[in-house]
Amino acid sequence: MTTETTTITNKMTTRNVDVFYGEKQAINGVSIDIDMENVTAFIGPSGCGKSTFLRTMNRMNDTIPSCRVTGEITLDGEDIYAPSMDVVQLRARVGMVFQKPNPFPKSIYDNIAYGPRIHGLASGKEELDRIVEKSLQRAGLWAEVKDRLNESGTALSGGQQQRLCIARAIAVDPEVILMDEPCSALDPIATAKIEELIHELRGKYAIVIVTHNMQQAARVSQRTAFFHLGTMVEYGDTSEMFTNPQEERTRDYITGRYG
Amino acid sequence: MNNTASPATQQTAIVGSRSTDWQGEVMQKRIVRRYAAERRFKYLGLSAIVISSLFLAFLLFVMIGNGIKGFSTTQVAVPIDFASATGGASPEQISGEGAERALNSLDIAGVVNTAIEIEYGAEAGDIFTENSWTDVRDALLSNPDMIAGNTTVWLTAKSEIDRAAKDETDEKFEALYAKLKDAGKAQSGFNWGFLTGADGTDPARVGIWGALKGSIITMLVTLAMAFPVGVLAAVYLEEYAPSNRVTDFIEVSINNLAAVPSIIFGLLGLVVFLSWLELPRSSALVGGLVLALMTMPVIVIAGRNSIKSVPPSIREAAMGVGASPVQVVFHHVLPLALPGIMTGTIIGMARALGETAPLLMIGMRAFLTSPPQGLTDPSTVLPVQIYLWSDEVNRGFVEKTSAAIIVLLIFLLTMNAFAIYLRNRFETRW
């Protein structure tokens, strides 16, 4: 992605998004803008809908038959729920990192190379090697695994697996990376590495991270959205949000009154 | 003092755990009882294993004990002076293109029967069958030079003589065999004819190859039909089918189909494949199709279960990098589900291999003296052959039945071993 844009451009926008599971409404009228320059964090207590909302942004919830999304979500101004939008391509452009590290039970190399292969991003073995190396380097994993690319991805430690998953997402050259509580299954040291990585990736990709760890949100993000009971209560600069929240519910949550 | 303290202690005894007497007599008794229960269960399990092992050992012991005799044969010597009996036929005459026709014109049957008559006189009918001369014809075809000389040929003896050699027949034949043996005119050897021949009327001359080949062809047809259709059905039902009443109905129907008695599949095959589609009767093709119908539900059920057990996180991971539904299935779900699918296939195929009833319905019980040459040739299969031989009056078929059972078991074990080898190769280590 080009990084020379100095003015803040919205990569993704959502307007009045409602999500229903059958009759039950899980998300209520969320409007938010995601830009390239900032890392956006979604915080909120468990079950507030932040993960559900994140999954609408690359249509991962299409797989749930009872799930219905209304409102508008755009990527570069294009409605991602429009019939003309190819969902497979959308998911390549909007990558995702999941809560639990989920590498394929294949070699480290094949884990990274899978995406580029199915999208035909590499014209030969050499180029594929280069993509694998670049992706692993960006994910800060290259030094640790470069001598054992043929070993199974599942043999790595939890933190390494999660960085492998980030490298796998990077390998298809996405524009947006959605991270769904990427550190919740990791120890503090592995968490610190992932957070460092998020810092480095900032600006190259639009990053959205869901977390229920407020310190983490404060550390990694520049913009924060606070969700509660399916609605977005407050959205603003992270520093502002943590020092001077506008809404009482946000203040209560941040000060640990509930959640 | 005691009196005043007791209500308080009583209360803690109920609520707090501190006053629970872990070392007390009641607790110790509980421990003893628990250990006894553990031991009882262990011995129960052990005895179940021992009993089933005994059954298996008994089965194998009896089968091998009886069947091993079926693999040996008794031959009796007959000296034949081909040169004079055939009036000086040359080896060239009975080799090459028209060898068989030339042999027929030489009346080998007459030559052999005369030679037998000369050697054994009145006893000839008790030692040889009227088909014994075919051994000579086969020997001449493979070795034409014999026709120019005077040789002693070893002919397969009648089944009664064979049984006398394994000492289990009436006195007349035992005496006859003893006489032959003393004269050095009888020998025992491995019964190659059993491994290469097909069914017949004389138990000493029957072979298993016809039925074995029929079984192999039938199993190949079954596998070729049931595996792809079963796996695709399982994939569709698990990954694509919308969850509604129709899907539920199909699911219930498939589960029921797996429990339908096999003879009903035979009737279905009789009506659909033979009457409507007019496929060749008694053929391995129809047999394989009928068994495929029977095996398919088993594969579908096993396939669905193992597809279901592939962790959803793998699907999400694949979708997350932009894999299409087909790519998710074929690159990730199926490879991970394959070991489970193969287990189901092994079970289904093993059941199909041992199946007799549905094949009787479509006419695979014909008496066939030559192995099938293709899919549409009349053929039989091992379990049907076993069934037919076990029904024979001639005592000589008893050991052949057991021998055929051994062949069936070896086939089954080979098939399973191959499938397990494949499954272990595909098994992914997490």
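Residues numbered from 1 in each chain as written. Chains lettered and ligands numbered in written order. Predicted model: local features only at pLDDT ≥ 70, side-chain atom pairs only at ≥ 80, totals over all residues. Heavy atoms only, no water.

What chain B contains, in helices and strands, is 19 helices and three strands. Taking 22 Å as the expected radius of gyration for a compact globule of 430 residues, we find that chain B reaches 33 Å, considerably beyond that expectation. Projecting the C-alpha coordinates of chain B onto the three principal axes gives extents of approximately 125 × 60 × 40 Å. The buried share of chain B, taken over its 430 residues, is 42%. Taking the intrachain contacts of chain B between residues at least 6 apart in sequence as the baseline, contacts between residues at least 24 apart amount to 78%. Counting every atom, chain B has about 23,200 Å² of accessible surface; 63% of that belongs to carbon and sulfur. Averaging the positions of the 32 positive and the 38 negative side-chain charges in chain B gives two centres separated by 16 Å. (Helix = DSSP H or I, 4+ residues; strand = E, 2+ residues; numbered from the N terminus. Rg over C-alpha atoms; globule rule 2.2 N^0.38 Å. Buried < 20%, exposed > 50% of the residue type's maximum accessible area, 1.4 Å probe, protein only. Contact = heavy atoms within 4.5 Å. Areas by Shrake-Rupley, 256 points an atom, 1.4 Å probe, with all protein chains shown as cover. Lys, Arg positive; Asp, Glu negative; His and termini not counted. Charge placed at Lys NZ, Arg CZ, Asp CG, Glu CD.)

A side chain with one charge may pair with a side chain of the opposite charge, provided their charged atoms come close. Residue and element names in this part refer to chain A. All told, the structure shown has 19 salt bridges over all chains when counted by the stated rule. The residue Arg-55 makes a salt bridge to Asp-180 at a minimum N-O spacing of 3.9 Å. Here the residue Arg-55 occupies a position in helix H1 (residues 50-56), and Asp-180 occupies one in strand E7 (residues 176-180), the gap between them amounting to 125 residues. Residue Arg-55 shares its accessibility class with Asp-180, and that shared class is buried. Salt-bridge contacts for Arg-59 lead to Asp-62; the nearest nitrogen and oxygen are separated by 2.9 Å. When its relative accessible area of 14% is taken as the criterion, Arg-59 is described as buried. (Salt bridge = Lys/Arg side-chain N within 4 Å of Asp/Glu carboxyl O.)

A separate point is unusual backbone geometry. Excluding glycine, residues mostly have negative phi values, and the peptide bonds linking residues are mostly trans. Residue and element names in this part refer to chain A. Within the chain, Asn-16 stands out as a residue other than glycine whose phi angle is a positive 50 degrees. For Asn-16, a relative accessible area of 52% translates into the label exposed. Unlike most non-glycine residues, Asp-173 shows phi in positive territory, near 55 degrees. Within the element layout of this structure, Asp-173 appears in the loop between helix H6 (158-171) and E7.

Counting from both sides, the interface comprises 22 residues of chain A and, opposite them, 18 residues of chain B. Overall, the association of chain A and chain B removes approximately 1,700 Å² of surface from exposure, summing both partners, and the carbon and sulfur fraction of that is 64%. Linking chain A with chain B are one salt bridge. Here A:Arg55 makes a salt bridge to B:Glu316, at a shortest N to O gap of 2.8 Å. Elements that contribute at least two residues to the side of chain A that touches chain B include exactly helix H2 (87-93), strand E6 (94-97) and helix H3 (108-119) of chain A. It is H3(A) that provides the largest number of residues to the side of chain A that touches chain B, a total of four residues. Grouping the constituent residues of the side of chain A that touches chain B by class yields twelve nonpolar, six polar and four charged. (Buried area = accessible area lost by both parts, 1.4 Å probe. Nonpolar A, V, L, I, M, F, W, Y, C, P; charged D, E, K, R; others polar.)

Before going further, it helps to examine the confidence of the model for chain A. Do not read the predicted coordinates in detail wherever pLDDT is low. Taken residue by residue, chain A gives an average pLDDT of 88. The fraction at 70 or more is 96%. In this model, residues 1-6 of chain A is a region of pLDDT below 50 whose contacts with residues beyond four sequence positions or in other chains number eight contacts. (pLDDT = per-residue confidence, 0-100.)

All names here are of chain A. When you tally the buried positions in strand E3 (residues 39-43), you get five out of five residues, the bulk of the element. Burial along E3 is two-sided: Val-39, Ala-41 and Ile-43 and Thr-40 and Phe-42, pointing in opposite directions, are all buried. Taken together, the four bridges between E3 and strand E8 (residues 206-210) define a ladder with parallel strand orientation. Residue pairing for E8: Thr-40 is matched across the bridge by Val-208. Two strands pair when backbone bridges link them, and E3 and strand E9 (residues 223-228) are joined in this way by four bridges, in the parallel orientation. Bridging across to E9, Ile-43 finds its partner in Phe-226. (Pairing = 2+ DSSP bridges.)

Before going further, it helps to spend a moment on the domain arrangement of chain B. Residue and element names in this part refer to chain B. What the domain assignment lists for chain B is domain 1 (75-189) and domain 2 (209-426). Each partner contributes to the roughly 350 Å² buried at the junction of domain 1 and domain 2, and carbon and sulfur atoms together form 29% of this total. On the surface where domain 1 and domain 2 come into contact, there are zero salt bridges. Run the count over domain 1 and domain 2 and you get zero residue pairs in polar contact (both at pLDDT 80 or more). Tallied by class, the residues present in the side of domain 1 that touches domain 2 amount to no nonpolar, one polar and four charged. (Domains from an automatic or database assignment. Polar contact = N/O pair within 3.5 Å; in protein donor to acceptor, adjacent residues only side chain to side chain.)

Taken together, B:Leu56, B:Leu59, B:Leu60, B:Ile64 and B:Ile68 make up a surface patch of nonpolar side chains, about 450 Å² in accessible area. For B:Ile68, the position within the fold is in helix H2 (residues 25-70). (Patch = residues over 30% accessible without salt bridge, like charges linked within 9 Å, V, L, I, M, F, W, Y side chains within 5 Å.)

Turning our attention to the side chain of A:Ser107. Residue and element names in this part refer to chain A. Inspection of the secondary structure assignment puts Ser-107 in the loop between E6 and H3. There is a polar contact of 3.1 Å between the side chain of Ser-107 and the backbone nitrogen of Asp-110. Leaving out residues up to four positions away in the same chain, Ser-107 has contacts with Leu-149, Asn-150, Glu-151, Ser-152 and Gly-153.

Moving on to the sheet that holds strand E2 (residues 150-156) of chain B. All names here are of chain B. Taken together, three strands build an open sheet; the order of strands is E2-E1-E3 and the sheet is antiparallel. Taken across any chain shown, the strands that pair with only one partner, and hence form the sheet edges, are E2 and strand E3 (186-190). Averaged over all neighbouring strand pairs, the angle between strand axes comes to 40 degrees, with direction disregarded. Across seven bridges, the pairing between strand E1 (residues 72-81) and E2 is antiparallel. Among the inter-strand pairings, Pro-79 is bridged to a residue of E2, identified as Thr-152. (Axes fitted to C-alpha atoms, helices over the stretch in contact; angles between N-to-C directions.)

Turning next to the packing of helix H12 (residues 245-257) of chain B against helix H14 (residues 284-308) of chain B. Residues and elements named next belong to chain B. Interaxial distance between H12 and H14 falls to 8 Å at its minimum, and their mutual angle equals 125 degrees. When the axes of H12 and H14 are compared, the pair comes out oblique. Pair H12 / H14 crosses with left-handed handedness. Mapping the contact onto sequence places Glu-251, Ile-254, Asn-255 and Leu-257 in H12 and Pro-297, Val-300, Ile-301 and Arg-304 in H14. Each residue belonging to the contact of H12 with H14 can be placed in one class, and the counts come to five nonpolar, one polar and two charged. (Parallel < 35°, antiparallel > 145°, perpendicular 65-115°, else oblique. Left-handed = near helix turned anticlockwise from the far one by under 90°.)

Along its 13 residues, H12(B) runs 18 Å from first to last C-alpha, staying within 8% of the 18 Å computed at 1.5 Å per residue. If you check the start of H12(B), you find a side-chain oxygen 3.2 Å away from the backbone N of B:Val246, and it comes from B:Asn244. (Expected span 1.5 Å × (residues − 1).)

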